[in-house]
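# Geometric and topological summary
What follows is the residue order along each chain.
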Amino acid sequence: MTMAAATSSCAEPIRGRGRLRPQRHASTSTAYPRDVPSLDDVVRQHTTLGPADLDWLHLLVADWQIIADLSFADLILWVPDAGDLGFWAGAQMRPTTGPTAHVDDVVGAFVPTGRRPLLDSAWSDGRIAREGDPEWRDDVPVRVEAIPVRRGQHVLGVVARSTNLLGIRTPSRLELSYLQTAADLATMIAEGHFPYVGERSALTDSMRVGDGFVRTDVRGLVTYASPNALSAFRRLGLTGDLLGQPLAAVTGALAPPSDQPVHQAVTTVVSGHAPHAAELENAHASLVVRSMPLLSGGAWSGSLLLLRDVTELRRRERELVTKEATIREIHHRVKNNLQTVAALLRLQARRVGATHEVRVALEEATRRVAAIAVVHETLSQSFDESVDFDDVADRLRAMVVEVSSSPDTDTMEASASPAAAGIRSQREGSFGRLPAHLATSLSMVLVELMQNAVEHGYAGGAGCVRVVVRRGAGTMEVRVEDDGVGLPADFDTAGAGSLGIAIVRTLVESELGGRISFASVRQPPADGSVGDSGSGAVATVVLPLVSR
């Protein structure tokens, strides 16, 4: 049979006689909003329902995908107008198990009193109202039921359940079980026993009827298990059938409870006496299970269990956790190895008997290795391959200033504080999070530029080195400024005369794809008078923040 698309209508149902025949009806004056509002918008603007009532409706809407799928029907929540003039559509849900009866969005539409007798009847009587004959909507027969939504002693609204009859065929056992369970849940809505009150978990929201469906009776025996549910249990190790078996005992034997105190007993979860969601796991498989008690007249009559096989998902999660732990351990070991190399270089610098230039070269190499070690130490504490570079930059600033201010350069630990030596440093702006490859190169660039500013800008005097960061659209500008003596007249901007500058230029232009420039800056007097108080130098690095 060809499935024809159905369109929504708020017209009064047309009653046919005998055999179903398509009948045309005139369009109504029901207006649909241009922008679909939320349930909160509809309730607060058009009804007198209170916050507690709205919370109850949200609990219902959070779970009614299950009812739509079990019913093979569309659901529309109608809430009463504040002036008793009719009903407003507050929420809508389509089934994933059958054709929809409402192609258009209905939320925000208004139906006046008398237009839909089923809504009026369910609202006034507080009981489920059913129409004997179907409605016809653009040659599509639609069966409609109206379910009052009760909270305590009050009816808050009506759920209209619309089934596209073109999708109806001779029902199988699965479909009959679905429909019976949907009818039980509809009765619980009308009696005020559904939705369930309590904290929802991520496991609860992930369940779908098609993943696996089990129905038990008042004795806890399985009356129906869908093929997907049966396959899931067989992955746990079930060798027989579930039908007629005590579900709690069978599940407890297949998946013993965890020794972790936060896990509930398996029998408690699958017994179905209270709403629960948990994960069952053994050496073969992992299942997410949600149990939903079914009540009749307030008494427990059985349970609905939804199951989802998450074995493959959990396997991949374990692989990711293992990979993350391995990567972090690698960064930790690289950091330790770099610190060992830096220690060896420091030892060599103390024992070398050569010229002062050799000693300085070893100390500079030690500083560069230590800068890379800082990045790897940060990566070893992170769960991804990016770092908060503000923390890295601040640690590098402290390291450079302390070492350069210390009279004993045989060690990376300063013996004299920066305050005592009169050299300070500060950062303005934020680097944000940077990928590891960018952070490593940028850390070496910062160390070299700050080291040059401290060593050559002050000649033993006091001052402040500033790291200024500005992030724009796809670019980042980093300036290292000092208020020292400025650049010498014979400064080689190409870096040919300085290994540090040559390293910086190579990293910036080749590794980072950016550009660098140097300039002297005249500093205005601190008292605001005319003239210059001194010179300073600034190194400006501009980097792209997009992949090359």
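This brings us to the overall build of the protein chain. Helices and strands together make up the secondary structure of the protein chain, namely 14 helices and 19 strands. Across the 548 residues of the protein chain, 47% fall into the buried class. Of the contacts made within the protein chain by residues no fewer than 6 positions apart, 62% connect residues no fewer than 24 positions apart.

Turning our eyes to something else, we now look at helix α3 (residues 117-125). Structural remark: α-helix, 3.6 residues per turn; residues separated by three or four positions point the same way. Of all the positions in α3, only Leu118, Leu119, Asp120 and Ala122 are classed as buried. On its buried face, α3 sits against β1 (74-80), β2 (86-93), β4 (129-130), β6 (140-151) and β7 (154-164). Following α3 by one or two positions, glycine 126 adopts a phi angle in the positive range, close to 70°.

Under the definition given, this model contains seven aromatic pairs. Look at phenylalanine 194 and tyrosine 196: their rings are 5.1 Å apart centre to centre, the planes differ by 80°, and that puts the pair in the edge-to-face class. For the pair shown, phenylalanine 194 and tyrosine 196 are each scored as buried. What links up through ring pairs into an aromatic cluster is the set Phe72, Tyr178, Phe213 and Tyr224.

With that out of the way, let us pick up the pairing of β1. For β1, the buried fraction is high: seven of the seven residues fall into the buried class. Of the two faces of β1, both are covered, the one formed by Asp74, Ile76, Trp78 and Pro80 as well as the one formed by Leu75, Leu77 and Val79. For β1 and β7, the ladder comprises five bridges, and the chain directions are antiparallel. Across the sheet, residue aspartate 74 finds its bridge partner in β7, namely serine 162. As consecutive antiparallel partners, β1 and β2 are separated by five residues, and within that stretch aspartate 84 has a phi angle of approximately 55°, a positive value.

Here we take up the sheet that holds strand β12 (residues 299-309). Hydrogen bonds along the backbone pair up the strands of a sheet, which may run parallel or antiparallel. As summarised here, the arrangement of the five strands in space is β9-β8-β12-β11-β10, forming an open sheet in which the pairing is antiparallel. A strand with exactly one partner marks an edge of an open sheet, and here the two such strands are β9 (222-225) and β10 (276-281). Each neighbouring strand pair of the sheet contributes to a mean axis angle of 20°, computed without reference to strand direction. With four bridges connecting them, strand β8 (residues 213-216) and β12 associate as antiparallel partners. Residue arginine 215 lies in a different strand from β12, and its bridge partner there is leucine 304.

What follows deals with unusual backbone geometry. Following phenylalanine 194, the chain continues into proline 195 via a peptide bond in cis, with omega recorded as 15°. Following the sequence through the fold, proline 195 ends up in the loop between α4 (173-191) and α5 (202-205). For aspartate 84, which is not a glycine, the phi torsion comes out positive at approximately 55°. The topology assignment puts aspartate 84 in the loop between β1 and β2. Aspartate 84 sits in the exposed class, given a relative accessible area of 61%.

Our focus in this paragraph is the packing of helix α1 (residues 39-46) against helix α2 (residues 51-71). Packing of α1 against α2 brings their axes to within 11 Å, and their N-to-C directions diverge by 150°. Comparing the axis directions of α1 and α2 gives the class roughly antiparallel. The way α1 lies across α2 gives a crossing that is right-handed. Counted together, Leu39, Asp40, Val43 and Arg44 of α1 and Leu54, Leu57, His58 and Val61 of α2 form the full contact between these two elements. Looking at the contact of α1 with α2 residue by residue, the classes come out as five nonpolar, one polar and two charged.

With respect to the helices and strands, phenylalanine 194 occurs in the loop between α4 and α5. Overall, the relative accessible area of 0% leaves phenylalanine 194 in the buried class. A sequence separation of 45 residues divides phenylalanine 194 from valine 149, and the C-alpha atoms of the two residues are 8.8 Å apart. Not counting residues within four places of it along the chain, the set of residues in contact with phenylalanine 194 comprises Trp56, Leu60, Asp63, Ile67, Leu185, Met188, Ile189 and Met292.

This part takes up the packing of α2 against α4. Two elements in contact, α2 and α4, have axes whose closest approach is 8 Å; the angle formed by their N-to-C orientations is 145°. Handedness of the crossing formed by α2 with α4: left-handed. Where α2 approaches α4, its residues Leu60, Ile67, Asp69, Leu70 and Ser71 are matched on the opposing element by Tyr178, Leu179, Thr181, Ala182, Leu185 and Ile189. The residue makeup of the contact of α2 with α4, split by class, is eight nonpolar, two polar and one charged.

This paragraph deals with the pattern of salt bridges. Any two side chains of opposite charge can pair, on the condition that their charged atoms come close. Within this structure, the stated rule accounts for 21 salt bridges. Where aspartate 105 meets arginine 94, a salt bridge forms, and the shortest distance between an N and an O atom there is 3.4 Å. Remark: arginine 94 occurs in the loop between β2 and β3 (110-112) and aspartate 105 occurs in the loop between β2 and β3; sequence separation between them is eleven residues. When the shortest N-O distance is used, the salt bridge between aspartate 309 and arginine 235 registers 3.2 Å.

Across its 22 residues, helix α13 (residues 436-457) extends 31 Å between first and last C-alpha, which sits within 8% of the 32 Å expected from 1.5 Å per residue. Judged by how many residues are buried, α13 sits mostly within the fold: 18 of 22 residues are covered.

A separate point is the environment of glycine 298. When you line up the elements, glycine 298 lands in the loop between β11 (286-296) and β12. With a relative accessible area of 43%, glycine 298 lands in the partly exposed category. Residues glycine 298 and glycine 192, spaced 106 residues apart in sequence, show a C-alpha to C-alpha distance of 9.2 Å. Dropping the residues within four chain positions of it, glycine 298 is found in contact with Glu191 and His193.

Here we take up the environment of alanine 249. Note on placement: alanine 249 falls in helix α7 (residues 247-254). We classify alanine 249 as partly exposed; its relative accessible area is 48%. Between the C-alpha atom of alanine 249 and that of threonine 267, which follows or precedes it by 18 residues, the distance is 7.0 Å.

As a further point, take the confidence of the model for the protein chain. In the predicted model, the protein chain carries a mean pLDDT of 79, and 75% of its residues have values of at least 70. Looking over the protein chain, one finds the lowest element-wise mean pLDDT in helix α12 (residues 418-421), namely 42, and the highest in β1, namely 97. Here residues 1-30 is a poorly scored stretch, pLDDT under 50, and it has 71 contacts once near neighbours within four places are set aside; other chains count. For residues 529-533, every residue scores under 50 in pLDDT, and the model assigns this stretch nine contacts once sequence neighbours within four places are set aside.

Parameters and conventions
Residues numbered from 1 in each chain as written. Predicted model: local features only at pLDDT ≥ 70, side-chain atom pairs only at ≥ 80, totals over all residues. Heavy atoms only, no water. Helix = DSSP H or I, 4+ residues; strand = E, 2+ residues; numbered from the N terminus. Buried < 20%, exposed > 50% of the residue type's maximum accessible area, 1.4 Å probe, protein only. Contact = heavy atoms within 4.5 Å. Phe/Tyr/Trp six-rings, centres within 6.5 Å; stacked < 30°, edge-to-face > 60°. Pairing = 2+ DSSP bridges. Axes fitted to C-alpha atoms, helices over the stretch in contact; angles between N-to-C directions. Parallel < 35°, antiparallel > 145°, perpendicular 65-115°, else oblique. Left-handed = near helix turned anticlockwise from the far one by under 90°. Nonpolar A, V, L, I, M, F, W, Y, C, P; charged D, E, K, R; others polar. Salt bridge = Lys/Arg side-chain N within 4 Å of Asp/Glu carboxyl O. Expected span 1.5 Å × (residues − 1). pLDDT = per-residue confidence, 0-100.

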